[in-house]
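Single-letter residue listing:
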Amino acid sequence: MVSVFISHATQNDGVANQIYEVLTAAGIRCWLDNVDVNPETDWLIQVESAVKESSHGLFLLSPAAVRSPAAMDEYHKLLLADKPLYVALVEPLTERELPYYLRDVSYCDLTEDFDMGMNCLIRILQNGDTVEGGSQTASREEESRDITITLKANLRDLDTDKFVNLITRLVDVGIKDIKVINVTAG
């Protein structure tokens, strides 16, 4: 069964609660700190546990979220946990406000038509669909830049699984040109 961890900035509590209610009404189990945190228990421990127990993540993208260390930490924890992670745009951002690793991420846009955006989220969560690239604005796609990364590593002494995981994460954040140079330990 799908269990969604909702990550958001405190400033977006209102829309986070609204999204939680709509997803819950659609039969999707969610975890939201505003609703599910027990005030008698350490908040950070509860968040860590909820991230581990969730099957999916939902990051509510807004200017406040990208400035929130807690929200961005949750976003990265979900990525590192290798959970399907979806993004919902809840407030418009300028290109300057958007971190480079979120510039090529597809998202459901809740800013223009909340109900249509929620239908997008419900569909992808219930069916495992992907967000269509058309959900991104054309200006972001036109302004995206190719990033080249060169990794120097002693491939003989390298933990292959960790190295493959690193490459996968780089590709996931939109880095298309990765060059690996084998260096000898000396």
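Higher on the page you've got the structure.
Residues numbered from 1 in each chain as written. Predicted model: local features only at pLDDT ≥ 70, side-chain atom pairs only at ≥ 80, totals over all residues. Heavy atoms only, no water.

**Student:** Explanation requested: the overall build of the protein in the structure shown.
**Tutor:** Secondary structure assignment for the protein yields eight helices and seven strands. Contacts in the protein between residues at least 24 apart in sequence constitute 72% of all its contacts with a sequence separation of at least 6. (Helix = DSSP H or I, 4+ residues; strand = E, 2+ residues; numbered from the N terminus. Contact = heavy atoms within 4.5 Å.)

**Student:** Would you mind showing me how to read the sheet that holds strand β5 (residues 108-109) here?
**Tutor:** Hydrogen bonds along the backbone pair up the strands of a sheet, which may run parallel or antiparallel. What the five strands build is an open sheet, ordered β2-β1-β3-β4-β5; its pairing is parallel. Lying at the two open borders of the sheet, with one neighbouring strand each, are β2 (29-31) and β5. Strand contacts of helix α5 (residues 69-80): β1 (3-7), β3 (56-61) and β4 (85-89), with the helix running at about 145 degrees to β1, the strand carrying the most contacts. (Pairing = 2+ DSSP bridges. Axes fitted to C-alpha atoms, helices over the stretch in contact; angles between N-to-C directions.)

**Student:** Got a minute to help me understand the nonpolar core in this structure?
**Tutor:** Within soluble globular proteins, side chains that are nonpolar generally end up buried alongside one another. Judged by nonpolar contacts, the single largest core of 24 residues is most densely connected at Ile6, Ile19, Leu23, Leu58, Leu60, Leu110 and Leu121. For this core, the secondary-structure elements that each account for two or more residues are β1, α1 (13-25), β3, β4 and α6 (114-127). Among the elements that take part in this core, α6 stands out by supplying seven residues, more than any other. Apart from residues no more than four positions distant in its own chain, leucine 23 is found in contact with Ile6, Ile28, Cys30, Leu58, Met118, Ile122 and Leu125. Judged by nonpolar contacts, the second largest core, of 23 residues, contains Ala9, Ala71, Tyr75 and Val87. (Core = buried A, V, L, I, M, F, W, Y, C linked by side-chain atoms within 4.5 Å. Buried < 20%, exposed > 50% of the residue type's maximum accessible area, 1.4 Å probe, protein only.)

**Student:** Help me out: how do you make sense of the pairing of β4 in this one?
**Tutor:** Put simply, side chains in a regular strand alternate between the two faces of the sheet. The element β4 is extensively covered by neighbouring structure, given that five of its five residues are classed as buried. The two faces of β4 match: Leu85, Val87 and Leu89 on one face and Tyr86 and Ala88 on the other face are all buried.

**Student:** How should the pattern of salt bridges be read in this particular structure?
**Tutor:** Pairing of side chains with opposite charge becomes possible as their charged atoms draw close. Going through the model one piece at a time under the given rule, you end up with one salt bridge. Of the charged contacts, one joins lysine 77 and aspartate 73 as a salt bridge, the two residues approaching to 2.9 Å between their closest N and O atoms. With lysine 77 and aspartate 73 both in helix α5, this residue pair falls four residues apart, about one helical turn. On the basis of relative accessible area, lysine 77 is assigned to the partly exposed category, the value being 24%. You can call aspartate 73 partly exposed: its relative accessible area is 37%. (Salt bridge = Lys/Arg side-chain N within 4 Å of Asp/Glu carboxyl O.)

**Student:** Before we go on, may I ask you to explain α1 in this structure?
**Tutor:** Quick reminder: α-helices carry 3.6 residues per turn. Residues three or four places apart thus point the same way. Between its first and last C-alpha, α1 extends 18 Å over 13 residues, near the 18 Å set by a 1.5 Å rise per residue. The complete set of buried residues in α1 reads Val15, Ala16, Ile19, Tyr20 and Leu23. Buried residues of α1, viewed axially, fall in a sector of 140 degrees; they line one side. Across from the buried face of α1, at angles greater than 90 degrees, the exposed residues are Gly14, Glu21 and Ala25. The first or second residue beyond α1 is glycine 27, which carries a positive phi of 90 degrees. (Expected span 1.5 Å × (residues − 1). Arc of directions from axis to C-beta.)

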